[in-house]
Amino acid sequence: MIDPAGGFSRREMLKNSGRAAAAVSAVASISSHVLSGADIPKVHAGEDNTIRVALVGCGGRGTGAAVQALSVDNGPIKLVAMADVFPTKLESSYKNITSQLKKSKSIKGTVDVPEDHRFIGFDGYKQALDLLRPNDVAIFATPPAFRWVHFGEAIKRGINVFMEKPVTVDGPSSRKLLALAEQATQKNLKVGVGLMCRHCDARQKLHDRIKAGEIGDIVLMRAYRQAGPTGSAFCEKMPKDWKDGELLYQIKNFHAFLWASGGGYSDFLIHNIDECCWMKDAWPIKAEASGGRHYREGYIDQNFDTYSVMYTFADGTKMQLEGRTMPGCKLEFASYAHGSKGSAVISTSGHTPAKCRIYKGQNMTEENLAWSAEPNEPNPYQLEWNHLIGAIRSDKPYNEAKRGTEASLVTAMGRMAAHTGKVITWDDMLNCEHEFAPNVDKLTMKGPAPIVADKDGRYPLPQPGLKSKTEY
Ligand SMILES: NC(=O)c1ccc[n+]([C@@H]2O[C@H](COP(=O)([O-])OP(=O)(O)OC[C@H]3O[C@@H](n4cnc5c(N)ncnc54)[C@H](O)[C@@H]3O)[C@@H](O)[C@H]2O)c1
């Protein structure tokens, strides 16, 4: 049975992280309140209950995640190590984090990352993890290709993890992650995956109402991520004066290369796919799709710029995904559910605020509005950290790795269906033998890239119908 809800109740997590926060601050202030024993972290005199954080992948998201980690206010927390493959990225992330700390009084965590705790290179993650102990947290916010390598090492060392989505890019990496997810559970490690919409209060309330039958049985979901060129998905030929080699060029432009990111479809659409599947409480069993490249002569990336994917669930329910990265067209970034009695907006315009709503019938008009989420939604990027650190401090089961892998796999199913022109089932994707970068754990700064440009500086593209067993 495929269960996208994962192995823990979010409601319980909310309760526990709230309790843990209260417990820690109460202990810290030597409050005279009597606290209920079971959920209180045991802090003995002289014991260091500081959670240490290492950041691996110091780009935009890693920097944001580190600040959110340091903003969890339920006990001492400190950034102690950083690792990246580009020194400039690491240094600008360090500056960004420290300046945010200076500006914001609400960030109670601290930063202690001297020069010799900043590591550059593909092995930097190991040196960063050397500075952590069990019960500390590693943040993995590199492109997803490296997830299984970094996660595997953290598990070996008994370190908790926050890792960004997607967590896998193909069948083999998904199988590895599923095995690692199980090992993490065996070791009672706490693992957060950056599908933060699952931590959104408004979506949680919508989910409760859908479960209570307010829109009847879901028969169709549809989601859109239609924008102009996004991230590094549109990538030009490596410039002649680029000094860092082909591998680092690909890493810098990771949305362009399927081995690194799963491409734009995997990176950009996974949130919409995941939030829809959550509302349905199931994963789809197959995907069929079309897509193509238009006006892309100058670009060497491996993406299509339109993806139109129809997923089917075991009960026949459909989920339609529309992805487009094309300037001058209609823009939309939203997810919807249609039920036998009514309809719902799962997200309105981007990730947050979700502005979830329920409508009577299928016309989403003002007169038909039956419920809408309260305004001023708390930021789910912060909530996901409150929940993870709450679980660590109260030692509650918390592992989102299996669910995060399943969301990544479902996303890859749709992408592969578009790239091959074939119907791709859950089992096809899971058992697919095409591993985009089997040597990703052995890459070196001067070594070759997993995929090499032809004499014109171009890379193989998907060819639906012509190439149907692999995506390129
Ligand atoms: N949850 C969200 O809403 C959200 C938003 C943005 C990005 N993300 C995810 O976060 C991840 C990073 O995205 P980003 O936008 O921050 O990209 P980015 O390019 O800004 O950052 C990635 C960083 O990782 C570094 N890096 C690459 N390979 C490395 C390795 N092997 N070891 C150490 N460092 C390495 C890069 O040099 C770069 O600094 C992606 O998986 C992306 O999908 C999630």
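As a reminder, the structure under discussion sits directly above these lines.
Residues numbered from 1 in each chain as written. Predicted model: local features only at pLDDT ≥ 70, side-chain atom pairs only at ≥ 80, totals over all residues. Heavy atoms only, no water.

Visitor: Explain the overall build of the protein chain to me, and be specific about the residues and the numbers.
Guide: The secondary structure content of the protein chain amounts to 13 helices and 16 strands. A compact globule built from 472 residues should have a C-alpha radius of gyration of about 23 Å, and the protein chain, at 22 Å, falls within 12% of that. For the protein chain, the proportion of its 472 residues judged to be buried stands at 57%. Across the protein chain, every contact between residues at least 6 apart in sequence was considered, and the portion connecting residues at least 24 apart equals 73%. (Helix = DSSP H or I, 4+ residues; strand = E, 2+ residues; numbered from the N terminus. Rg over C-alpha atoms; globule rule 2.2 N^0.38 Å. Buried < 20%, exposed > 50% of the residue type's maximum accessible area, 1.4 Å probe, protein only. Contact = heavy atoms within 4.5 Å.)

Visitor: Got a sec to walk through the site of the ligand? Specific residues and values, please.
Guide: In the neighbourhood of the ligand, 26 residues make up the surrounding shell, with R61, D84, K89, D267 and Y381 lying closest. E164 places a side-chain nitrogen or oxygen 3.0 Å from a nitrogen atom of the ligand. The separation between an oxygen atom of the ligand and a polar side-chain atom of Y381 is 2.6 Å. Here the ligand, which alone exposes 840 Å², has 89% of that area covered by the protein. (Near = heavy atom within 4 Å. Polar contact = N/O pair within 3.5 Å; in protein donor to acceptor, adjacent residues only side chain to side chain. Areas by Shrake-Rupley, 256 points an atom, 1.4 Å probe, with all protein chains shown as cover.)

Visitor: Which residues make up the environment of Q302, and what values go with them?
Guide: In this fold, Q302 is placed in the loop between β9 (286–292) and β10 (306–312). Along the chain, Q302 and Y472 lie 170 residues apart, while their C-alpha atoms are 8.5 Å from each other. With sequence-adjacent residues up to four places away left out, Q302 is seen in contact with A256, F257, L258, R293, H419, I451, Y459, P460, L461, P462 and Y472. One polar contact links the side chain of Q302 to the main-chain amide nitrogen of L258, over a distance of 2.9 Å. A polar side-chain atom of Q302 sits 3.0 Å from the main-chain carbonyl oxygen of P460.

Visitor: Quick one: what's the story with the environment of V169, residue by residue and with numbers?
Guide: Topologically, V169 is positioned in the loop between β6 (160–163) and α6 (171–186). Separated by 242 residues in sequence, V169 and T411 have C-alpha atoms that sit 8.8 Å apart. Non-local contacts of V169, meaning those with residues more than four positions away in its chain, are made with P144, L258, W259, A260, S261, G262, A412, R415 and F436.

Visitor: Requested: an account of the layout of surface pockets, with residues and values cited.
Guide: Its volume calculated, the largest pocket comes out at about 890 Å³. Mapped by element, the contributors of at least two residues to the lining of the largest pocket are α2 (60–70), β2 (77–84), α3 (87–103), α4 (124–130), α5 (147–157), α8 (245–252) and α10 (263–280). (1 Å grid on protein atoms, 1.4 Å probe; cavity = no way out; pocket = protein on both sides within 12 Å on 5 of 7 lines; lining within 4 Å. Points joined across faces, edges and corners; volume = space filled by probe spheres on them.)

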